[in-house]
Amino acid sequence: MRLIATLLCTTLLTLGLHAEDGSRLWLRQETDAMATVTLSAPRTSHTLELALKELHQAWKGAPVTLRVKKDKTLTTDGFRIVATDGGIEITSPGHTGILYGAYHLLRLQATVGVEAVMAQLPVEENPTYALRILNHWDNMDRTVERGYAGRSLWAWDELPGTIDDRYEAYARANASIGINGTVLNNVNASPQILTAENLQKVKALADVFRPYGLRVYLSVNFASPMVLGGLATADPLDKNVIRWWKAKVKEIYALIPDFGGFLVKANSEGQPGPCDYSRTHAEGANLLADALQPYKGIVMWRAFVYSADDADRAKQAYEEFQPLDGQFRDNVVIQVKNGPIDFQPREPYSPLFGTMEHTQLMAEFQITQEYLGQANHLVYLAPLWKEFFEMVPATSLKAVAGVANTGTDINWCGHHFAQANWYAFGRLAWNPALPSEAIAEEWIKQTFGKGGDLQAASGTADNGTTGNRTAGGGCAATGTTTIDNPVATLVQLMIESREAVVNYMMPLGLHHIFAWGHHYGPQPWCDIPGARPDWLPPYYHKAAKDGIGFDRTTQGSNYVSQYPEALATLYNDATTCPDAYLLWFHHLPWNYTMKSGRTLWDELCLHYDTGVRQVRSFQQTWDALEPYIDRERFAAVQSALKVQARDAVWWKDACLLYFRQFSCMPLPSGIERPIHELDALERVQLPVNNFECPSREMLDKYR
Ligand code: GCW
């Protein structure tokens, strides 16, 4: 049996056919090109050899020279690709820059086609951010907090002896999109990550990642000196604590000379921190910064804090951190989530950005879809991140981080389209000015296409045929539709998907009306006796007889005043506040007249209804794309879209039926009528923990 499987596998590989299980991500080029690639460099390195190998295997165009040379206009990660007499030259002052240049050339080949590459040259690229980092919320028992793609990639129990093939594949995927740092473990950090034994395992990973330009960082628990060192305190001003961290950092650098530094979640959601000793976040961060400084390591100190007693959680991070401006060491970067609450489908940008002139800041995005339908919903996140970059000048940031969505699932990310978010994060971290559409197009062509279109999607025995695929049990999903431009059609679907999820979950500035704990479905009614009010949806939507929304104006919590004056004035007035943020900033009566002329209630209904319709249209579009997509991935996405469509109706019914108790207004005509009863929806309790995405079967049973 095994022999037959091996033979089959070998035959398929020889024919250039692979199972289209998503395991190859966007790196699906054939590897039999045998290109002529030469190297001109004072010395070679593993990194340069990788660049040579990648091009030799996959590049189908003119001979390429890789040249390492000084260049004042390029950083060590930057590169230039030019046409020369009879060939192409990639130059960079750094070895990693050469590798990035090689991936760029291959990306061009996969997106415009090899014949058209020359017309794209010259290319000169420097990354906008020197630090482009993934944050893994991976625990040492291989569970992943808010991870929806299987278990953690890091097999701590097997390391350092066994090196899984996926470690290198992971590093390669990151290098191909310019990601150059990875924080291996959860910000809710186990002190155990720093034991001598575990550091050997971290070293083993760092050794695999290094040639790909990927540096390793660790999340650390502020109480580590107590837990591991047996000290009586973790007070950042205590001499023994200072000594302990210095020794630990020295131990790390002896193993990993290019170790990146620490990421810290302190005094947030139960984590220990300097405030436990009446010290400030600056004193805590500086303790670690001083230990790391001799080795050029950095501290990424998170600003995700919110004390239990403040009337408005959205104000908290600013109130705690803004007064500390100027007190942090040069190698501290404050890591701020894009919005002030928590990775919601839509939030205004965190007002901390732009108000700490003497402190280095970095943005934290969430690639994993904790609040966006997890592994079940198709939501392309580039438009969300671009919305942020439109408000926060890219140059005001030192770095960007994204909470990873990877795991042991065969396709790495759970949903096939979740790969696009990993991809888009990397591309935007490299260049936040790239349009969402362009990134989607690149990703689609590389992930589903071959040589720049979708028509030739490979990987199934009926490669190249159109129609009559068998995803639907022998029947094509649609019969007659032909699509003029499949790539553009899919780009459009992806672009729309972010607004769709906002519409069916939390339109008009609503936020955090998710189910308790797992954050999967709707629970606007959620009330857990004894729970922190700011962990409960009614705290955020404030629906009552008199209206809905959180008053954060100067008359309310005054959060609005944390923004620069012009913006504060705009948001403070309901008539000028953009609809997208209206209920974020204002509590308004149900019959309030919107800019559209409709009542607030009607507008709310319309948005929920639109969201449902959008998902239905995604189903139709996807079905029409069936001839252009391999059977395996077509079927998987088609199935996930069914779940998403049902979830969208669930969200709409739950929210509108619940809010209607307060508005007492009828559903406008033209709005799809609910198919659920409110009391039935209120009884839905999905039996999942915070690490699991509910399966389709579970959803069908419980919702
Ligand atoms: O988004 C919330 C999550 C927590 C997470 C926390 C954080 C790692 O629900 O699971 O903890 O934010 O960012 O620290």
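Calculation notes
Residues numbered from 1 in each chain as written. Predicted model: local features only at pLDDT ≥ 70, side-chain atom pairs only at ≥ 80, totals over all residues. Heavy atoms only, no water. pLDDT = per-residue confidence, 0-100. Contact = heavy atoms within 4.5 Å. Pairing = 2+ DSSP bridges. Helix = DSSP H or I, 4+ residues; strand = E, 2+ residues; numbered from the N terminus. Axes fitted to C-alpha atoms, helices over the stretch in contact; angles between N-to-C directions. Phe/Tyr/Trp six-rings, centres within 6.5 Å; stacked < 30°, edge-to-face > 60°. Buried < 20%, exposed > 50% of the residue type's maximum accessible area, 1.4 Å probe, protein only. Near = heavy atom within 4 Å. Polar contact = N/O pair within 3.5 Å; in protein donor to acceptor, adjacent residues only side chain to side chain. Areas by Shrake-Rupley, 256 points an atom, 1.4 Å probe, with all protein chains shown as cover. Nonpolar A, V, L, I, M, F, W, Y, C, P; charged D, E, K, R; others polar.

Our focus in this paragraph is the confidence of the model for the protein. Summary statistics for the protein give a mean pLDDT of 94 and a share of 93% for residues scoring 70 or more. Counting contacts from residues 8-16, a segment whose pLDDT is below 50, to residues more than four positions away or on other chains yields two contacts. Ignoring residues within four places in sequence, the model shows residues 456-470, a span with pLDDT below 50, making 35 contacts including any to other chains.

Our focus in this paragraph is the sheet that holds strand β5 (residues 123-125). Two strands in a sheet stick together by hydrogen bonds in their backbones, pointing the same way (parallel) or opposite ways (antiparallel). Pairing is mixed in the open sheet, where five strands are placed in the order β1-β2-β4-β3-β5. Each having just a single partner strand, β1 (37-40) and β5 make up the two edges of the open sheet. Neighbour to neighbour, the strand axes of the sheet diverge by 15 degrees on average, direction disregarded. Relative to strand β4 (residues 87-92), strand β2 (residues 64-68) runs parallel, the two sharing five bridges. Each bridged residue has a counterpart across the sheet, and for Val64 the counterpart in β4 is Ile88.

We now examine the packing of aromatic side chains. Per the stated rule, a full pass over the model turns up 49 aromatic pairs. On the numbers, 5.2 Å between centres and 70 degrees between planes, the contact of Trp26 with Tyr423 is edge-to-face. Of this pair, Trp26 sits in the loop between α1 (2-14) and β1 while Tyr423 sits in helix α12 (residues 419-430), and the two are 397 residues apart along the sequence. Taken as a pair, Trp26 and Tyr423 share a single burial class, namely buried.

Here we take up the site of the ligand. Taken together, 15 residues are adjacent to the ligand, and Glu145, Lys265, Lys337, Asp342 and Glu370 come closest. In this structure, Glu370 approaches the ligand through a side-chain N or O atom, which is 2.6 Å from an oxygen atom. Within the complex, the protein chains bury 97% of what would otherwise be the 340 Å² of accessible surface of the ligand. Its residues assigned to classes, the shell around the ligand shows four nonpolar, three polar and eight charged.

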